[in-house]
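# Survey of secondary and tertiary structure
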Amino acid sequence: MKRDFPEFRAQLLAVGATFLLGLWGVLTIASSQSTSPEPLYLVGRQFSFLLVAMVVLLAAWRVPFGFYRKNWPVLAAFCLLLLGLLPFLGVRINGMLGWFRFGEFQLQPSELAKGIFLLAMAVVFTRFRDSRWRFGIAALTAAVWLAPILLQPDFGTGMIYLAAFATIYFLAGGAWRTLGELAGGGVLFAGLFIWRNPYAWKRITGLFHPEADPFGSGWHIRQFELAIARGHYFGSKLGGAVWSNAYLPLSYNDSAFATMMETLGLIGSLPVLFFFAILIGSLSWLALRPGRSGDARLCLGGAAAMIGIQSLVHISVNLCLLPPTGLTLPLISYGGSSLVGTALLIGIALSASRE
């Protein structure tokens, strides 16, 4: 029992950090809605989503990892079926065909499928000994997942999936040359995407010259800057985030970190970075424990990387270091699919750590 205690402590740290980040998200959403006609509507929904997410996390944690290893093709097929049905049964929101609608609720399959995608990649990379076969089959599997996501089009989520694939390949002992080729392919695809979608190029130019089109491509950047400037070091306090309530686009979702910065300031936002560090660090520490099987180690490392990369991209966008991508901040931004999907991802990873 003494030998297992450090791992159990790391697992509890990951669960606790997940719940605290979810509560911080509820606080952020409350700040973004303080002047709306129904200030508690989204707050109540998000808190309900958080409770469901924690139940999903704990349930997924208790399921033996052998079950996931054995049944990953069925789980993957179900997720791919949902993604494949989007062009026929999905609804378009903000120009993206990525949701199913059930009354007042929307379901985003690409968010719920993240944990199963990592599981599939982890198993495939450990199932084949020959490096060429292993990379080829894994790349083909990843392409099958990416195709319906990019056709929505959801370039931001596709980028996170691709980064997770590259991370698992690297953790599985992949060659630096292949990683370089993969990065080059990603840059080439990004260039093609920008060429086919002029709005993406406008977002890039708006990042560097927001004053050239302040009411168009530069709007997001200017609102990020002004919201963060109002927060300064100690924030405008709950109920005082005027800019987030009036001007910041999707302040409860795509702009969640900027809303937090206006409300709590630099000092008040640091705990969120600390909790993310605990969550990612705990998963990484569990992945590096001796005696871990290959697919369990890759699942844990991939989960840490996916959460870390998406968080870094969202925060960088809100700090005007990257052009707007539409990515949520895991566990913080409003949305049941994102919250439950991230909880499922963490639960599967913690199940891998029990093996």
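The notes below deal with the structure included here. Fair warning: this is a prediction, and the values are worked out from it, not measured in the lab.

### Observations regarding the pairing of strand β2 (residues 96–102)
- Most of β2 is tucked away, with five of its seven residues classed as buried.
- Here strand β1 (residues 91–93) runs beside β2; their pairing, made up of three bridges, is antiparallel. Paired with Val 91 across the strands is Trp 99, a residue of β2.
- Sheet analysis places β2 next to strand β3 (residues 105–107), joined by three bridges and oriented antiparallel.

### What about the sheet that holds β3?
- Pairing in this open sheet of three strands is antiparallel, and the strands run β1-β2-β3 from one edge to the other. Edge strands, defined here as strands with exactly one partner in the open sheet, are β1 and β3. The sheet shows a mean angle of 55 degrees between the axes of neighbouring strands, direction not considered.

### Digging into the packing of helix α8 (residues 176–196) against helix α9 (residues 198–208)
- At a minimum axis separation of 4 Å, α8 and α9 run at an interaxial angle of 105 degrees. Of the possible angle classes, the one that applies to α8 and α9 is roughly perpendicular. In this structure, α8 contributes Phe 193, Ile 194 and Arg 196 to the contact, and α9 contributes Pro 198, Tyr 199, Ala 200, Trp 201 and Ile 204.
- In terms of residue class, the contact of α8 with α9 is made up of seven nonpolar, no polar and one charged.

About the thresholds
Residues numbered from 1 in each chain as written. Predicted model: local features only at pLDDT ≥ 70, side-chain atom pairs only at ≥ 80, totals over all residues. Heavy atoms only, no water. Buried < 20%, exposed > 50% of the residue type's maximum accessible area, 1.4 Å probe, protein only. Helix = DSSP H or I, 4+ residues; strand = E, 2+ residues; numbered from the N terminus. Pairing = 2+ DSSP bridges. Axes fitted to C-alpha atoms, helices over the stretch in contact; angles between N-to-C directions. Parallel < 35°, antiparallel > 145°, perpendicular 65-115°, else oblique. Contact = heavy atoms within 4.5 Å. Nonpolar A, V, L, I, M, F, W, Y, C, P; charged D, E, K, R; others polar.

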